[in-house]
Amino acid sequence: MNLFSFSAHFGTEDDCINHFKSERDKIGLTCKCGSTEHFWIKSRLSYECKKCRSRTSLKSGTIMENSNLSFLIWYKTMFLMSVTKKGFSAKEIQKQLGLKRYEPVWAMVHKLRKAMGNRDAKYTLEGMIEFDEAYFTVESSEIEQKKGIRGKGSVGKQNVAMIAESTPLEDIDTGKKEKQVRFFKAKVLDGHSGEEINEAIKESIDNQSIVFTDKSTSYVDISDFVELHIMEKSSKETTEETLKWVHIAISNAKRNLLGNYHKIKRKYLQLYLNEFIYKLNRRYFGDRLFERLIIANITGL
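These numbers were taken from a predicted model, which means no experiment stands behind them. (Residues numbered from 1 in each chain as written. Predicted model: local features only at pLDDT ≥ 70, side-chain atom pairs only at ≥ 80, totals over all residues. Heavy atoms only, no water.)

Q: Help me out: how do you make sense of the domain arrangement of the protein in this one?
A: Reports often express the size of an interface as the amount of accessible area lost when the parts come together. Taken domain by domain, the protein consists of domain 1 (3–121 + 292–299) and domain 2 (128–270). Inter-centroid distance (C-alpha atoms) of domain 1 to domain 2 is 33 Å. If you look at the interface, domain 1 gives 10 residues, while domain 2 gives 5 residues. Between domain 1 and domain 2 the total buried area reaches about 520 Å² when both faces are included, carbon and sulfur atoms providing 42% of it. When the buried area of domain 1 at its contact with domain 2 is split by residue, K86, S89 and W106 rank highest and sum to 49% of it. At the surface where domain 1 touches domain 2, the tally comes to 3 residue pairs in polar contact (both at pLDDT 80 or more). Here the residues of the side of domain 1 that touches domain 2 are counted per class, giving 3 nonpolar, 3 polar and 4 charged. (Domains from an automatic or database assignment. Contact = heavy atoms within 4.5 Å. Buried area = accessible area lost by both parts, 1.4 Å probe. Polar contact = N/O pair within 3.5 Å; in protein donor to acceptor, adjacent residues only side chain to side chain. Nonpolar A, V, L, I, M, F, W, Y, C, P; charged D, E, K, R; others polar.)

Q: Would you explain the sheet that holds strand β5 (residues 157–170) in this entry?
A: Strand-to-strand pairing in sheets goes through backbone hydrogen bonds, with the strands running parallel or antiparallel. In spatial order, the strands read β6-β5-β4-β7-β8; together these 5 strands make up an open sheet with mixed pairing. Edge strands, defined here as strands with exactly one partner in the open sheet, are β6 (177–188) and β8 (228–232). When strand polarity is set aside, the average angle formed by the axes of neighbouring strands in this sheet is 30°. Looking at chain direction, strand β7 (residues 210–214) and β8 are connected through 5 bridges and run parallel. Bridged to I210 within β8 is L228. (Pairing = 2+ DSSP bridges. Helix = DSSP H or I, 4+ residues; strand = E, 2+ residues; numbered from the N terminus. Axes fitted to C-alpha atoms, helices over the stretch in contact; angles between N-to-C directions.)

Q: Honestly, helix α10 (residues 269–281) in this entry has me stumped. Any pointers?
A: An α-helical segment advances 3.6 residues per turn. Residues three or four places apart therefore align on the same side. With 13 residues, α10 should cover 18 Å at 1.5 Å per step; its first-to-last C-alpha distance of 18 Å lies within 8% of that length. Along α10, 12 of the 13 residues are buried, which leaves the element largely enclosed by surrounding structure. All of the buried residues in α10 are L269, L271, Y272, L273, N274, E275, F276, I277, Y278, K279, L280 and N281. (Expected span 1.5 Å × (residues − 1). Buried < 20%, exposed > 50% of the residue type's maximum accessible area, 1.4 Å probe, protein only.)

Q: Explain unusual backbone geometry to me, please; I cannot follow it from the model alone.
A: It is generally the case that most residues other than glycine have a negative phi and that most peptide bonds are trans. A positive phi is found at R53, a non-glycine position, where the angle reads about 70°. With respect to the element layout, R53 can be found in the loop between β2 (46–49) and β3 (55–57). Using a relative accessible area of 48% as the deciding quantity, one classes R53 as partly exposed. For N66, which is not glycine, the phi dihedral falls at a positive 70°. Checked against the element boundaries, N66 lands in the loop between β3 and α3 (71–82). Classification of N66 as exposed rests on a relative accessible area of 71%.

Q: Even after reading the chapter, I still don't get the packing of aromatic side chains, so can you show me in this structure?
A: In this description, a pair of aromatic rings is defined by centroid distance and the angle of the planes. Summed over the entire model, instances satisfying the criterion amount to 11 aromatic pairs. Seen in terms of ring centroids, F10 and F290 are 5.5 Å apart; in terms of plane orientation they differ by 55°. Their pairing is tilted. Of this pair, F10 sits in the loop between α1 (3–9) and α2 (13–27) while F290 sits in helix α11 (residues 288–299), and the two are 280 residues apart along the sequence. Each member of the pair, F10 together with F290, is buried. (Phe/Tyr/Trp six-rings, centres within 6.5 Å; stacked < 30°, edge-to-face > 60°.)

Q: Is there a simple way to think about empty space enclosed by the protein in this case?
A: Vacant regions in the atomic arrangement are exposed by a probe of water-molecule size rolled over the atoms. With the rule as written, the count across this model stands at 1 cavity of 30 Å³ or more. A volume near 40 Å³ is recorded for the largest cavity. The wall of the largest cavity is formed by K85, K86, N256, Y261, Y272, E275, F276 and K279. Mapped onto the lining of the largest cavity, the elements with two or more residues apiece are α9 (244–261) and α10. Of all the elements, α10 adds the most residues to the lining of the largest cavity, at 4 residues. Split by residue class, the lining of the largest cavity holds 3 nonpolar, 1 polar and 4 charged. (1 Å grid on protein atoms, 1.4 Å probe; cavity = no way out; pocket = protein on both sides within 12 Å on 5 of 7 lines; lining within 4 Å. Points joined across faces, edges and corners; volume = space filled by probe spheres on them.)

Q: Could you clarify how one ought to interpret the side chain of N159 in this entry?
A: Along the chain, N159 falls in strand β5. A relative accessible area of 2% places N159 in the buried class. At 2.7 Å, the side chain of N159 and the side chain of E133 are in polar contact. A polar atom in the side chain of N159 sits 3.5 Å from the backbone oxygen of G191. Setting aside residues up to four positions removed in sequence, N159 forms contacts with E133, A134, Y135, K187, V188, L189, G191 and H192.

Q: Please clarify how the sheet that holds β3 should be interpreted in this entry.
A: Reading across the sheet, the 3 strands line up as β1-β2-β3 and stay open at both edges, with antiparallel pairing between neighbours. In the strand order of this sheet, the two ends are held by β1 (38–41) and β3, each with one partner. Direction aside, the axes of adjacent strands within the sheet are offset by 25° on average. For β2 and β3, the ladder comprises 3 bridges, and the chain directions are antiparallel. Along β3, the bridge assignment pairs S46 with S57.

This is the structure we're talking about:
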């Protein structure tokens, strides 16, 4: 969807409200009493339960809950976040929206990133899996800089588990093997222990999968949680063939985050990765990415 198409469909607040309501109606609304039948009160932008008469606002239960920003502002922000692979910083979105205060825009953007992460968390990867870790650059405090930690857990670096669902394909005539990639996950790790890795595996990967990794000592227990675990010694060949897609994702994510956001605080890194992975998993959606983001908004909590 380009800017002209967006403006034609969502030029006013009423356009955005009507569209959001229609999308929410498709998903359905359940009252706290368990009823799914409601009246629509247009003057209050609220649903009223036919059974217990309690009311639910159009924003209630979505990530827009408790937000004073208009539907039009939310829609413009979702458009900006979905229109490009690279993304926009909250400061740039504030500039494009022409808003005076930065804080509401920052909160809105991070809510959307959280919704993206919650949406992807509903799915597990399966089949042939590539798994590796990478260190992402984050903003370091003065205390961390004075400590000058090196190696694992070094100043300005954060450990992230990157997972890729790849499918090996073999040409029957030539015997040549190729790989296609499907979906990804990225999880910020608090530490470097095997327990952290095991938890990431259990949360993200189906237990019938085959997992490929290097020979890190942190990966020794992975075989307890999947069908088969294959470890290969780290080398150029391993990086370019066995763990090809996971390293491409790591490289692209680092370049994307560093180029667009420069310094990211450690505690917010997962949110930025949520956005990168959400778009990466929907790289073929085209115009539909905007629609999917609206659904993530509705179901994000």
